[in-house]
Amino acid sequence: MQNSIQIDLDRTLGTIDRNLFGGFAEHLGRCIYGGVYEPGSPLAGEDGFRRDVLDALRRLRMPLIRYPGGNFVSGYRWRDGVGPKEERQARADLAWNSTEPNTFGTNEFVDFCRKLGTEPYLAVNCGDGDMREARDWVEYCNGTQDTALVKLRKSHGYEAPHQVKYWGIGNEVDGHWQIGHKTPQEYARAYTEFGKVMRWVDPSIKLLASANSSWAPDWVERAQLLMEQAGDLIDYMAIHWYVGNREKDFARYMALSEEFEARLSATEGLIKAMTLARGLKRRPAVAVDEWNVWYRAGGEEGLEEVYNLEDALVVALQMNAFLRHADGVKMANLAQIVNVIAPVMTSPQGLVLQTIFHPFELYSQRCGTVSLDASWKGDTFDGGSHTGLRVLDVAASLNPETQEVALFIVNRSKGQGIEAEVKLAEGSFRGPAKAAVVNGPDVEAANTFEAPEAVGTRESEVAAEGRSLVLQLEPHSVTVVTCGIG
Ligand code: AHR
């Protein structure tokens, strides 16, 4: 069958928020200690931040990073992690059954973000923490008046406020695994009161509600209650998901695109319905503030998942879904950034870029600001309970300033290269187009310290003049094509 992709610059889906390329760092395993922060390492600067990690992460251009958890935050006391290091005390971390030394805390995290060129996004403890602690944290970070907490921050060496814009209230409160797990009613109530006082401290902050992570049947009720009780206090409804291929069934794994579509559409639909029903002043956005592939490495392994090529394809499928839902989804945070289910894996001597690093880098660097409603047709496959799925999965964007189109294409065939014609409804390509392909020898290929470049990105040029161009899409690959339009 002939494969083709149609692009019409007049058919747009929404503005793409840069925050779709966010990250997440948790006090867990070697994400902070041994990943981001390793004082004394020859690879670290005087501030203790790993320079090689900073360099790798800069390539991902993450606009914001969520911190300090995750499950960890539901037992965290932010005061433990500020002030002179010699006075900081270690605490038991019940979420991950470890000991938290507290030598890295709020100010180190903000310094790290500034160095990286990213915005800090803090999650407050709505597990065993109270609203006083949450609002005090906002005041410590953002306060400008002459109060005890602002003086405390200044005495710690931070004269200027941190201006932390994004604040999440709790983490995965719907999960029984969470310290301070809450019923829908308990969380809606807690969110309302936390949000109210945090906004009173700093009316400019954006608030995220922990709407759904378990996808248990009560998620609709949870989201409804939250929006009924706290609608105007919610800037984002945050959802989480992790996926994997335990069954070792490639087709089923590739068909997860349908699950991403269903989850995003359902969450957007519910938010729209509640916004209308409650007459809210504005519609909260969706934030997928934890997402990734995660199914192999548990707590014992410090969640040090080693990714292969098929995982990189599934990461690209998730990003395609976010781009196609750009109108409703305004934030997404790859979980996590270093070592723990992450695109970067460190050792004391260096680091490896995992397979999933490569599509993320391409998408983040080449995506435009407007999502285009690309349509495509061609070969199909059956996977899981789905039949007739298109082998290609496609998203597209436009950068109106440079008049450049970007196409994001996953070829989900394990063995078949596909020739696809890309047709413009109007205008013409001003080639040559730039094509970047993420691929490797087979879908199980992984990047390790022994073989760090089994999967990587290759660049090429494609002739592109007039109304159409022809792409040769390699089996099991992610291709990002950019081209000027005239
Ligand atoms: O990212 C790892 C863990 O996954 C986080 O701590 C938690 O929020 C989720 O269950």
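A brief structural summary. Just so you know, these numbers come straight off a predicted model, no measurement behind them.

Scoring rules and cut-offs
Residues numbered from 1 in each chain as written. Predicted model: local features only at pLDDT ≥ 70, side-chain atom pairs only at ≥ 80, totals over all residues. Heavy atoms only, no water. Pairing = 2+ DSSP bridges. Helix = DSSP H or I, 4+ residues; strand = E, 2+ residues; numbered from the N terminus. Axes fitted to C-alpha atoms, helices over the stretch in contact; angles between N-to-C directions. Contact = heavy atoms within 4.5 Å. Near = heavy atom within 4 Å. Polar contact = N/O pair within 3.5 Å; in protein donor to acceptor, adjacent residues only side chain to side chain. Areas by Shrake-Rupley, 256 points an atom, 1.4 Å probe, with all protein chains shown as cover. Buried < 20%, exposed > 50% of the residue type's maximum accessible area, 1.4 Å probe, protein only. Salt bridge = Lys/Arg side-chain N within 4 Å of Asp/Glu carboxyl O. Phe/Tyr/Trp six-rings, centres within 6.5 Å; stacked < 30°, edge-to-face > 60°. Lys NZ or Arg CZ within 6 Å of the ring centre and 35° of its normal. Arc of directions from axis to C-beta. Parallel < 35°, antiparallel > 145°, perpendicular 65-115°, else oblique. Left-handed = near helix turned anticlockwise from the far one by under 90°. Nonpolar A, V, L, I, M, F, W, Y, C, P; charged D, E, K, R; others polar.

Concerning the sheet that holds strand β21 (residues 418-424)
- With respect to topology, 4 strands assemble into an open sheet ordered β16-β1-β21-β25, the strand pairing being mixed. The open sheet terminates on both sides in strands that have one partner only, identified here as β16 (375-377) and β25 (468-473). Taken pair by pair, the neighbouring strands of this sheet meet at an average axis angle of 20°, ignoring direction.

Brief notes about the sheet that holds strand β11 (residues 285-293)
- What the 8 strands build is a closed barrel, ordered β3-β4-β7-β8-β9-β10-β11-β12; its pairing is parallel. Taken over all neighbouring pairs, the strand axes of this sheet differ in orientation by 30° on average, direction set aside.
- With 4 bridges connecting them, strand β9 (residues 206-212) and strand β10 (residues 236-243) associate as parallel partners. Across the sheet, the residue bridging to L208 is Y236, located in β10.
- Here helix α8 (residues 257-278) sits on the sheet and contacts β10, β11 and β12 (329-335); the angle it forms with β10, its principal contact strand, is near 165°.

Observations regarding the site of the ligand
- The local shell around the ligand holds 13 residues, among which E26, N71, E172, Y242 and E290 are the closest.
- Side-chain polar atom of E26 to an oxygen atom of the ligand: 2.6 Å apart, as the coordinates give it.
- One of the side-chain nitrogen or oxygen atoms of N171 is found 3.0 Å away from an oxygen atom of the ligand.
- Expressed as a share of its isolated accessible area of 280 Å², the protein-covered part of the ligand is 95%.

Some remarks on the side chain of N142
- Residue position: N142 is located in helix α3 (residues 131-142).
- Residue class for N142 comes out buried when judged on its relative accessible area of 9%.
- At a separation of 2.8 Å, a polar atom in the side chain of N142 contacts the main-chain amide nitrogen of V164.
- A distance of 3.0 Å separates the side chain of N142 from the side chain of D202, its partner in a polar contact.
- Those residues in contact with N142 that sit more than four places away from it in its chain are R153, P161, H162, Q163, V164, W167, D202 and I205.

Remarks on the pattern of salt bridges
- Under the counting rule described, the total for this entry stands at 34 salt bridges.
- Two residues, E133 and R77, come together in a salt bridge whose shortest N-O distance is 3.6 Å. Here the residue E133 occupies a position in helix α3, and R77 occupies one in the loop between β4 (64-67) and β5 (91-93), the gap between them amounting to 56 residues.
- Take E133: its relative accessible area is 12%, and that puts it in the buried class.
- Exposure remark for R77: the relative accessible area of 30% places this residue in the partly exposed category.
- A salt bridge links K85 to E108, with the nearest nitrogen and oxygen atoms 3.4 Å apart. Of this pair, K85 sits in the loop between β4 and β5 while E108 sits in helix α2 (residues 106-116), and the two are 23 residues apart along the sequence.
- Among the ionic contacts, a cluster of salt bridges with common partners joins E261, R324, D393 and R412.

Comments concerning the packing of aromatic side chains
- Summed over the entire model, instances satisfying the criterion amount to 21 aromatic pairs.
- Plain terms: the ring middles of Y67 and F104 are 6.0 Å apart, the flat faces sit at 65° to each other, and that makes the pair edge-to-face. Of this pair, Y67 sits in strand β4 while F104 is found in the loop between β6 (98-100) and α2, placing the two residues 37 residues apart along the sequence. One exposure class covers both Y67 and F104, and it is buried.
- Centre to centre, the rings of Y76 and W137 are 6.3 Å apart; their planes meet at 65°, and the pair counts as edge-to-face. Of this pair, Y76 sits in the loop between β4 and β5 while W137 sits in helix α3, placing them 61 residues apart in sequence.
- Assessed through its relative accessible area of 4%, Y76 is described here as buried.
- By way of ring pairs, the aromatic residues Y33, Y37, F49, Y67, F104, F109 and F112 are connected into one cluster.
- Sitting over the face of the ring of F24, R66 holds its NZ or CZ atom 4.7 Å from the ring centroid.
- Note that R263 overlies the ring of W215, its terminal NZ or CZ placed 4.3 Å from the centroid.

Quick look at helix α4 (residues 148-155)
- Among the residues of α4, those classed as buried are L149, V150 and R153. Summarising the axial view, the buried residues of α4 lie within an arc of 100°, below the 170-degree limit, and thus occupy one face. Turned more than 90 degrees away from the buried face of α4, the exposed residues are A148 and S155.

Remarks on the environment of V293
- Mapped onto the elements, V293 comes out in strand β11.
- Setting aside chain neighbours within four positions, we find V293 in contact with V243, Y253, Y307, D311, V314, V315, Q318 and I341.

Comments concerning the packing of helix α9 (residues 309-324) against helix α10 (residues 357-366)
- At a minimum axis distance of 8 Å, the contact between α9 and α10 shows a crossing angle of 25°. With respect to their mutual orientation, α9 and α10 come out roughly parallel. Both α9 and α10 take part in a crossing whose hand is right-handed. When α9 is examined against α10, the residues A312, V315, A316, M319, N320 and L323 are found in contact with a partner set consisting of P359, F360 and Y363.
- Residues of the contact of α9 with α10, tallied by class, amount to 8 nonpolar, 1 polar and no charged.

So, the packing of helix α1 (residues 51-60) against α10
- Direction vectors running N to C along α1 and α10 enclose 55°, while the axes themselves pass 7 Å from each other. Classed by the angle they form, the pair α1 and α10 counts as oblique. Contacts from A56, R59 and L60 in α1 reach F357, F360, E361, S364 and Q365 in α10.
- Here the contact of α1 with α10 is composed, by residue class, of 4 nonpolar, 2 polar and 2 charged.

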